[in-house]
Amino acid sequence: MPEPLLTRLQRRPTGPVAVTSGLTACSLLLLALTLTGEPDPPFGEGRPAQEALAVPADPGTTPDSPTPSRSGSADPTARENAAAAQVVEKEKEPSHPTASASPSGSPDGTPGSTPGSGKGGNSTGGNGKGGGSTPAPAAGRSLQSVNYPDRFVLHRNGGVHLDRVGGGSHPEAVRRATFTLVPGLADSNCQSFRTHDGGYLRHLNFQVRVGRSDGSALFHKDATFCRRDGAVSGSVSFESYNYPGRFLRHRQFVLRLDPYEHNALYKADTSFRLTAPPG
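Quick caveat: nothing in here was measured; it's all calculated off a predicted structure.

## Some thoughts on the overall build of the chain
Counting its regular elements, the chain contains 7 helices and 12 strands. In the chain, which comprises 279 residues, the proportion classed as buried is 26%. A fraction of 44% describes how many contacts in the chain between residues 6 or more apart in sequence connect residues 24 or more apart. In the structure as shown, the chain presents an accessible area of about 18900 Å², 57% of it carried by carbon and sulfur atoms.

What follows is the structure, given as structure tokens:
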């Protein structure tokens, strides 16, 4: 039968050995407590409330940044201050009026001027070219045939012929043989022949006729002739503006627009002298 616990305790050794064992155990327990430190108390017990609820700061924020609200927007006071600062900055900016386009399209806004036109508001005698006023018309001139010196270019009933005109001729015949040379209707570097009654010499189906200008580009071209040197010294020939290579020529005493021919007769028929009116 096992020995009772009381009996065993009574038999435990007493004396210096037991005391030494108890002191050793207490020293070890004290040493362990010293090395490990005091255990942390449970969360919320014995710790400051701020330390217990502290949340690590976001590394991307600064202490001066406004505290965001739950909706993610900045503090209302900070927003009002920022808006007021923007209004002040806008009031400081100088206002610049927007330049409006000129009605005429000119870069300097000068009314009535068009870049590169060169017209300047001056009339050009109907040809629409150049930038100056039309030169004053020359005095009346007559076209004397080189190979028929007693005959002059004369218009009658719309046709243009080569007729005899002299000192004894009727004044009406002299007027019909007199033309005013004006800058060309299609090109001011060339010439047009204006009659005493306001018509112009023009070619129509390569026949030379007299007609009044209808303002069309075709009429202006048909009535424009460019001066060239004639076959005889001091004489001139007239080449068509819109049919280069064709010249005013009399054939059977009728004025025509004929293509160039390399022969003496053609050169003589297309050569004229500009003279004062006959008679």
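## What about the pattern of salt bridges?
The final tally for this structure, using the stated rule, is 11 salt bridges. Among the ionic pairs, Arg-249 bridges to Asp-269, the shortest N-O distance being 3.2 Å. Of this pair, Arg-249 sits in strand 10 (residues 246-251) while Asp-269 sits in helix 7 (residues 264-269), and the two are 20 residues apart along the sequence. Look at Arg-249 and you get buried, because its relative accessible area is 5%.

## Thoughts on the packing of aromatic side chains
By the definition in use, this model includes 7 aromatic pairs. Centre to centre, the rings of Tyr-260 and Tyr-266 are 5.5 Å apart; their planes meet at 80°, and the pair counts as edge-to-face. Taking NZ or CZ as reference, Arg-151 lies 4.1 Å from the ring centre of Phe-253, over its face. Over the ring of Phe-206 we find Arg-246, and its NZ or CZ is 3.8 Å from the ring centre.

## A few points about the environment of Ala-231
Take Ala-231: it is sitting in the loop between strand 8 (225-229) and strand 9 (236-240). Separated by 41 residues in sequence, Ala-231 and Phe-272 place their C-alpha atoms 9.0 Å apart. Those residues in contact with Ala-231 that sit more than four places away from it in its chain are Lys-267 and Ser-271.

Thresholds applied
Residues numbered from 1 in each chain as written. Predicted model: local features only at pLDDT ≥ 70, side-chain atom pairs only at ≥ 80, totals over all residues. Heavy atoms only, no water. Helix = DSSP H or I, 4+ residues; strand = E, 2+ residues; numbered from the N terminus. Buried < 20%, exposed > 50% of the residue type's maximum accessible area, 1.4 Å probe, protein only. Contact = heavy atoms within 4.5 Å. Areas by Shrake-Rupley, 256 points an atom, 1.4 Å probe, with all protein chains shown as cover. Salt bridge = Lys/Arg side-chain N within 4 Å of Asp/Glu carboxyl O. Phe/Tyr/Trp six-rings, centres within 6.5 Å; stacked < 30°, edge-to-face > 60°. Lys NZ or Arg CZ within 6 Å of the ring centre and 35° of its normal.

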